[in-house]
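# Structural overview for review
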Amino acid sequence: MKLSHLAETLIGSEIIKLAGEIKEKQAKGEKIYNFTIGDFDPKVFPIPVEFENEIIQAYKDKYTNYPPADGIAELRKAVGDFIAEREGLTYDPASEIVISCGGRPIIYATYRTIVDRGEKVIYATPSWNNNHYTHFMEGEHVVLETKVENDFMPTAAELKPLLKGATLLALCSPQNPTGTTFGKKQLEDICDMVLEENKSRGAGEKPLYVLFDQMYWVLTFGETQHYNPVSLRPEMKDYTVFIDGMSKAFAGTGVRVGWALGPKHVMSKMKAILSHVGAWSPMAEQKAAAKYLVQKEAVNKYLAHFKGEVEERLVKIYEGFDALKKAGHAVDAIAPQAAIYLTIKLDLVGKKTAAGTVLADQAAVTSYILDEAKLAVVPFYAFGSAKDSPWYRLSVGTCVKAEIPEMLAKLKATLEQLQ
């Protein structure tokens, strides 16, 4: 029976399809090294104990009613203080901050607030879900395929020819799926380009807005620094909507506390949209987050430990891939920069297996690595890249450190079977 055009044309998730294959193998008793999930195993990465205790207490205190559509005042103030101290960003809790149940509803609300049917949305690939959100809006997809030499991040030179007539530029740093970030000059050039474009538009013309997803910004490693448009170019505050929250920074994906920061006129409309959708963060979690975020010593202690654990896993796996590359295998990886992701390369198309089967395409490579090495990773084509891209996302959110050496040994043995 016929449904809406949106429902009939929505593309299914490649990640969910892969997850189904993994579950089937696990149900048969196979041990799978599952590095596909952009989430955390709470047994490996629990939320902060102080935050957990505040959540429990909030439920005991009977905070189970509806919260305000834009979030409770004390959480909006706590968020404002948190980002002011740690990023140097100043936003009015009363009018420029909106709380929601994680990042997805506020990304959707940003698209819904800014983009009209048929308007151009610019996004790079690989990137997370921008193709689906643009489809929701019936917008025009303006897609930039990024390059490994730029760490799969878009550049101003690449974006500039695409700007005319566009309404929204979707950016993410640190980026899902690549775990890479914008350099300072790289982001400054993009900001200058956006400002120049907006100065060229007429008074009655919609400006070009920037959706800046920085959900992973506290998770940077080594010498990597996080940069954002408004700190680099204060004039960008009129055009930038930040997507942020506790989901990835505090391993609280299921806790559902996210927030948006942006211009007052945008936030007021996002609040209205979210009020109709009912996509608010639960009252108890909001009360708990408001009390936890102001505990500076506890936050600092948690982040230091959490970041150290994530970085250790990323570095060990990167070093393993580097060793395989030096041994002559057709693999590669980008050194860890941020988030919970490692960008790896499995350039195995055309190789012949021990059974004599030729790996004809990347889908075959993905299946072969899953079947033989028991390693599950997500191909970049699941994030909008070309079907022949040999690059993959590897997530360490559920990674047990003790299993890394055996995973790498299994992968090495599998690669050695190829001709």
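Before reading on, note that the structure itself is shown above.
What counts and what doesn't
- Residues numbered from 1 in each chain as written.
- Predicted model: local features only at pLDDT ≥ 70, side-chain atom pairs only at ≥ 80, totals over all residues.
- Heavy atoms only, no water.
- Helix = DSSP H or I, 4+ residues; strand = E, 2+ residues; numbered from the N terminus.
- Rg over C-alpha atoms; globule rule 2.2 N^0.38 Å.
- Buried < 20%, exposed > 50% of the residue type's maximum accessible area, 1.4 Å probe, protein only.
- Contact = heavy atoms within 4.5 Å.
- Pairing = 2+ DSSP bridges.
- Axes fitted to C-alpha atoms, helices over the stretch in contact; angles between N-to-C directions.
- Parallel < 35°, antiparallel > 145°, perpendicular 65-115°, else oblique.
- Left-handed = near helix turned anticlockwise from the far one by under 90°.
- Core = buried A, V, L, I, M, F, W, Y, C linked by side-chain atoms within 4.5 Å.
- Disulfide = S-S within 2.5 Å.
- Polar contact = N/O pair within 3.5 Å; in protein donor to acceptor, adjacent residues only side chain to side chain.
- Salt bridge = Lys/Arg side-chain N within 4 Å of Asp/Glu carboxyl O.

## Quick word on the overall build of the protein
- For the protein, the count of helices and strands is 14 helices and 13 strands.
- Relative to the 2.2 N^0.38 estimate, which gives 22 Å for 419 residues, the radius of gyration of the protein is 22 Å and therefore close to what a compact globule would have.
- Per-residue burial over the protein gives 54% buried out of 419 residues.
- For the protein, contacts bridging at least 24 residues in sequence account for 74% of all contacts bridging at least 6.

## A look at the sheet that holds strand E6 (residues 209-213)
- Within the open sheet, the seven strands sit side by side as E2-E8-E7-E6-E5-E3-E4. Their pairing is mixed. Looking along the sheet, the strands with just one partner apiece sit at the ends: strand E2 (97-100) and strand E4 (140-145). Averaged over all pairs of adjacent strands, the angle between strand axes in this sheet comes to 20°, irrespective of strand direction.
- Note that strand E5 (residues 166-172) and E6 share five bridges and pair parallel. In the sheet register, leucine 169 faces E6, and the bridge partner there is valine 210.
- Lying over the sheet, helix H10 (residues 264-277) contacts E2, E6, strand E7 (240-245) and strand E8 (258-261), oriented at roughly 25° with respect to E2.

## Section: the pairing of E6
- Of all five residues making up E6, five are buried, and the element is well covered by its neighbours.
- Neither face of E6 is left uncovered, since the one carrying Tyr209, Leu211 and Asp213 and the one carrying Val210 and Phe212 both have all their residues buried.
- Note: E6 against E7, four bridges, orientation parallel. Bridging across to E7, valine 210 finds its partner in threonine 240.

## Examining the sheet that holds strand E12 (residues 378-379)
- What the four strands build is an open sheet, ordered E9-E10-E13-E12; its pairing is antiparallel. Each end of this open sheet is capped by a strand with a single partner; those strands are strand E9 (331-333) and E12.
- With five bridges connecting them, strand E10 (residues 341-346) and strand E13 (residues 391-395) associate as antiparallel partners. Note that in E13 the partner of leucine 342 across the bridge is leucine 394.

## A short note on the packing of helix H2 (residues 14-27) against helix H13 (residues 362-373)
- The interhelical angle for the contact between H2 and H13, taken along N-to-C directions, is 20°, at an axis separation of 12 Å. Comparing their axes, H13 and H2 come out roughly parallel. In the crossing of H2 with H13, the sense of the turn from one axis to the other is right-handed. Of the residues in H13, those touching H2 at Leu18, Glu21, Ile22 and Lys25 are Thr366, Leu370 and Asp371.

## A word on the nonpolar core
- Core analysis: the largest hydrophobic core is formed by 122 residues, its most contacted members being Tyr111, Phe250, Ile317 and Phe321.
- By residue number, the principal contributor to this core is helix H12 (residues 296-326), which donates 10 residues.
- Apart from the residues within four sequence positions on either side, tyrosine 111 is in contact with Val121, Asn130, Tyr133, Thr134, Met137, Leu168, Ala170 and Leu211.
- Ranked by size, the runner-up nonpolar core spans 11 residues in total, among them Leu18, Leu370, Ala376 and Phe383.

## Remarks on the state of the cysteines
- Scanning the model with the defined rule gives zero disulfides in all.
- Just so you know, cysteine 191 is unpaired, no disulfide at all, and the nearest cysteine sulfur is the one on cysteine 172, 15 Å from it.

## Here's the deal with the side chain of glutamine 186
- Take glutamine 186: it is sitting in helix H8 (residues 184-199).
- Among the residues examined, glutamine 186 registers a relative accessible area of 18% and is labelled buried.
- At 3.2 Å, the side chain of glutamine 186 and the backbone nitrogen of glycine 183 are in polar contact.
- Every residue in contact with glutamine 186, bar those within four places of it in the chain, is listed here: Asn150, Met153, Pro154, Thr155 and Thr181.

## A look at the environment of leucine 418
- Along the polypeptide, leucine 418 turns up in the segment after helix H14 (404-416).
- Counting along the chain gives 65 residues from leucine 418 to threonine 353, while the straight-line C-alpha distance between them is 4.9 Å.
- Ignoring any residue separated from it by four or fewer positions in sequence, one finds leucine 418 in contact with Leu348, Lys351, Lys352, Thr353, Leu359 and Tyr368.

## A short note on the pattern of salt bridges
- For the structure shown, the criterion picks out 28 salt bridges.
- Here lysine 184 and glutamate 188 are joined by a salt bridge, their closest N and O atoms 2.9 Å apart. Taken together, the positions of lysine 184 and glutamate 188, both in helix H8 and four residues apart, correspond to about one turn of that helix.
- Here the residues in one salt-bridge network are Glu309, Glu312, Arg313, Lys316 and Lys401, joined through shared partners.

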